[in-house]
Amino acid sequence: MIEPFQSDNVFLADVAATASRPGLHLWWLGQSGFLIACDGARLLIDPYLSESLTHKYASTDKLHVRMTRRVVDPRRLVGLSLVTSSHNHTDHLDADTLRPLLDANPNLPILIPEANRAFVAQRLGIDPSRPIGIDDGQRRQVGRIEITAVPAAHQTIERDEAGRCRFLGYVFRLGGWSIYHSGDTVLYDGMAERLREFSLDVALLPINGRSPERRVAGNLDGSEAASLAQEIRARLAIPCHYDMFEFNTASPDAFVSECERLGQQFRVLRAGERLTLENH
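Residues numbered from 1 in each chain as written. Predicted model: local features only at pLDDT ≥ 70, side-chain atom pairs only at ≥ 80, totals over all residues. Heavy atoms only, no water.

(A) Here's a closer look at the pairing of strand β12 (residues 236-240). Within β12, five of the five residues are buried, which leaves the element mostly enclosed by the surrounding structure. On β12, burial covers both faces: L236, I238 and C240 on one face and A237 and P239 on the other are all buried. In terms of strand pairing, strand β11 (residues 202-206) meets β12 through five bridges, oriented parallel. From the neighbouring strand, L204 faces β12, where its bridge partner is I238. (Buried < 20%, exposed > 50% of the residue type's maximum accessible area, 1.4 Å probe, protein only. Helix = DSSP H or I, 4+ residues; strand = E, 2+ residues; numbered from the N terminus. Pairing = 2+ DSSP bridges.)

(B) The sheet that holds strand β10 (residues 177-181), seen in detail. Strand order in the open sheet made by the six strands is β7-β8-β9-β10-β11-β12, with mixed pairing throughout. Where the open sheet ends on each side, the last strands, each with one partner, are β7 (139-142) and β12. Neighbouring strand axes in the sheet, compared pairwise and without regard to direction, differ in orientation by 20 degrees on average. As paired elements, strand β9 (residues 168-174) and β10 share five bridges and run antiparallel to each other. Among the inter-strand pairings, F172 is bridged to a residue of β10, identified as I179. (Axes fitted to C-alpha atoms, helices over the stretch in contact; angles between N-to-C directions.)

(C) Spatial organisation of the packing of helix α6 (residues 222-231) against helix α7 (residues 253-262). At a minimum axis distance of 7 Å, the contact between α6 and α7 shows a crossing angle of 35 degrees. Helix-helix and strand crossings are classified by hand; for α6 and α7 the assignment is right-handed. For the pair α6 and α7, contact is made by G222, S223, A225, A226, S227 and Q230 and by A254, F255, E258, C259 and L262, respectively. Its residues assigned to classes, the contact of α6 with α7 shows six nonpolar, four polar and one charged. (Left-handed = near helix turned anticlockwise from the far one by under 90°. Contact = heavy atoms within 4.5 Å. Nonpolar A, V, L, I, M, F, W, Y, C, P; charged D, E, K, R; others polar.)

(D) A look at the sheet that holds strand β4 (residues 82-84). Across the sheet, which stays open at both edges, the seven strands sit in the order β6-β5-β4-β3-β2-β1-β13 with mixed pairing between neighbours. Strands at the two margins of the open sheet, each flanked by one partner only, are β6 (132-134) and β13 (274-277). Shown here is a sheet whose adjacent strand axes are inclined to one another by a mean of 20 degrees, direction ignored. Two elements, strand β2 (residues 33-38) and strand β3 (residues 41-45), share five bridges in a ladder whose sense is antiparallel. Bridge pairing links L35 to L44 in β3. Packed on one face of the sheet, helix α1 (residues 8-18) meets β1 (24-30), β2, β3 and β13 and runs near 165 degrees to β1.

Okay, here's the thing in structure tokens:
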């Protein structure tokens, strides 16, 4: 089992000591989960902080053996401004993470793809009117956080009967910073051109790739993620969606090598590790 860089009390102490300082502060929580603190806001993106998938598939031929120990109990994450889900897969919409999180933060806004509203309400046991819905091209303002939705292709751009995207990426603006979280995605036509418009400071990109034998929808691989980061002119690229489940992971080595070849700035984090950016 991979031990987090910091976890539990140490992790929470780092958040408490750092969150109100100037700059952008970002912690990787494992898989595609991130905590971002900036300008008095605390944003939680796609958290998976449970063993739910390990238990769900324990008696099947698709074991979800956890590789990295959990960073923190979701019940201890308080003072949040917004939590988001990019799509309905459990490692991005986990009831065993979000129910205790919402119990600990009774008024916490949750942002979701509008296409997934009924599914989210049923899974989390909440009123269907509670989530804030968003779709491709729409913008929402939640406190100090501005969110714009862009499509994600996992592995295609899938829409509901009303034409709304079931899989989304989000561009967050807070405190003068611009952060892109792609959700689960592969490349699609027009993706880079559209994202360039946001003048991105940070791109959070999956690198686990796609292999048919895994029997799950795939993502960018490391080289593709590095190339996309350069094409969208992201100031900094951070890889994610690896080192969580043994059957569906990849080394960040290809991402690192391609970033170095392209001259793309990057940072590889350990679960629970913080990155602070002080200057635009």
